[in-house]
Amino acid sequence: MERTFIAIKPDGVQRALVGQIISRFETKGFTLVGLKLIKVSRELAEQHYDVHRERPFFAGLVDFITSGPVAAMVWEGDGVVASARKLIGATNPLTAEPGTIRGDFGVNIGRNLIHGSDAIETAQREIALWFTNEELISWEPRIKPWLHE
Ligand code: DAT
Ligand code: MG
């Protein structure tokens, strides 16, 4: 079953949006299989954003993501990687569509509230980076027959 890595960044936690953001994934019909609040180390932040290492915003991004607690999650479901990216919206909240998380809650690219893996392979890498196998719980939601034919 497909899984994706989602992290509510320090701005989302500080602004008390964790509940509303989790609700969007729950009500969409995805299954929560991992969840923890963590204070991110610089090492983890740098590994997570390794592809952006040479970008001018890298240092600021690492400072930001390590500046307060992050709510890290793994969600499961058919097509969850691409669907989560749609629920999250465009990278810049100012241009993200209304109805998306970034479009509804944010105004600045450096405070865009949430991370979501951009591809299945990226999701696998990020889940392994942020979670141990013991922290991921496989379970069958009892509402499944009402979400899938
Ligand atoms: P996304 O988070 O939508 O996958 P990304 O992978 O291109 O976007 O960039 C990672 C994060 O880096 C992004 O969520 C916010 C920050 N970022 C990206 N481009 C930026 C820019 N031009 N200025 C400041 N921060 C930026
Ligand atoms: Mg990205």
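Predicted model only: the values in this text are computed from it and were never measured.

Colleague: Explain the environment of asparagine 108 here, please?
Modeller: Topologically, asparagine 108 is positioned in the loop between helix 6 (101-105) and strand 4 (114-116). Look at asparagine 108 and you get partly exposed, because its relative accessible area is 40%. In the structure, asparagine 108 is positioned 12 residues away from isoleucine 120 in sequence and 27 Å away in space, judged by C-alpha atoms. In this structure the side chain of asparagine 108 is engaged in a polar contact, spanning 2.9 Å, whose partner is the backbone nitrogen of glycine 110.

Colleague: In this structure, what is going on with the packing of aromatic side chains? I would like to understand it.
Modeller: Aromatic rings in a pair are described by how distant their centres are and how their planes are angled relative to each other. Scanning the entire structure with this criterion turns up three aromatic pairs. Where phenylalanine 25 meets tryptophan 75, the ring centres are 5.4 Å apart and the plane angle is 25 degrees; that geometry is what we call stacked. Of this pair, phenylalanine 25 sits in helix 2 (residues 18-28) while tryptophan 75 is found in strand 3 (residues 69-76), placing the two residues 50 residues apart along the sequence. Its relative accessible area of 0% is what places phenylalanine 25 among the buried residues. An aromatic cluster of at least three residues, connected via ring pairs, comprises Phe5, Trp130 and Phe131. For the cation-ring pair, lysine 36 lies above phenylalanine 131, with the distance from its terminal atom to the ring centre recorded as 4.6 Å.

Colleague: Help me out: how do you make sense of the pattern of salt bridges in this one?
Modeller: Note on pairing: side chains with opposite charge can pair once their charged atoms come close. Per the counting criterion, the structure on display carries six salt bridges. Between aspartate 104 and arginine 24 there is a salt bridge, with its nearest N and O atoms 3.0 Å apart. Of this pair, aspartate 104 sits in helix 6 while arginine 24 sits in helix 2, and the two are 80 residues apart along the sequence. In this structure aspartate 104 comes out as partly exposed when scored by relative accessible area, which is 36%. The residue aspartate 50 makes a salt bridge to arginine 53 at a minimum N-O spacing of 2.6 Å. For arginine 53, a relative accessible area of 36% puts it in the partly exposed group.

Colleague: Please explain the site of ligand 1 as it appears in this structure.
Modeller: Ligand 1 sits among Lys9, Tyr49, His52, Phe57, Leu61, Arg85, Thr91, Arg102, Ile109 and Asn112. Threonine 91 places a side-chain nitrogen or oxygen 2.6 Å from an oxygen atom of ligand 1. At 3.0 Å, a side-chain N or O of arginine 102 approaches an oxygen atom of ligand 1. Within the complex, the protein chains bury 74% of what would otherwise be the 510 Å² of accessible surface of ligand 1. Taken together, the residues of the shell around ligand 1 break down into four nonpolar, three polar and three charged.

Rules used in this analysis
Per chain, residues are indexed from 1 in the order of the written sequence. Following the order in which they are written, the chains are lettered starting with A and the ligands numbered starting with 1. With the structure being a predicted model, the display of local features is reserved for residues of pLDDT at least 70 and the display and counting of side-chain atom pairs for 80 or more, all residues being used for whole-chain, interface and lining totals. The side-chain numbers reported here are obtained from all heavy atoms of the structure, hydrogens and water having been left aside. A run of H or I in DSSP becomes a helix once it reaches four residues, and a run of E becomes a strand once it reaches two; helices and strands are each numbered from the N terminus. Each residue gets one of three labels from its accessible area relative to the maximum for its type: buried under 20%, exposed over 50%, partly exposed in between, using a 1.4 Å probe on protein chains only. Any N or O atom pair separated by 3.5 Å or less is treated as a polar contact, with the protein-specific requirement of one donor-capable and one acceptor-capable atom, and with residues adjacent in sequence counted only for side-chain atom pairs. Between rings of Phe, Tyr and Trp, where Trp is taken as its six-membered ring, a pair exists when centres lie within 6.5 Å; planes separated by under 30 degrees are stacked, by over 60 edge-to-face, and by other angles tilted. In this analysis the charged atom, NZ for Lys or CZ for Arg, is taken to sit over a ring once it is within 6 Å of the ring centre and within 35 degrees of the ring normal. We count a salt bridge whenever a side-chain nitrogen from Lys or Arg sits within 4 Å of a carboxyl oxygen from Asp or Glu. Nearness is judged by heavy atoms alone; a residue qualifies as near a molecule or strand once a single heavy atom is within 4 Å of it. Using the Shrake-Rupley algorithm and a 1.4 Å probe, accessible areas are obtained, with residue cover drawn only from the displayed protein chains. For this classification, Asp, Glu, Lys and Arg are treated as charged, while Ala, Val, Leu, Ile, Met, Phe, Trp, Tyr, Cys and Pro are nonpolar and the rest, including Gly, are polar.

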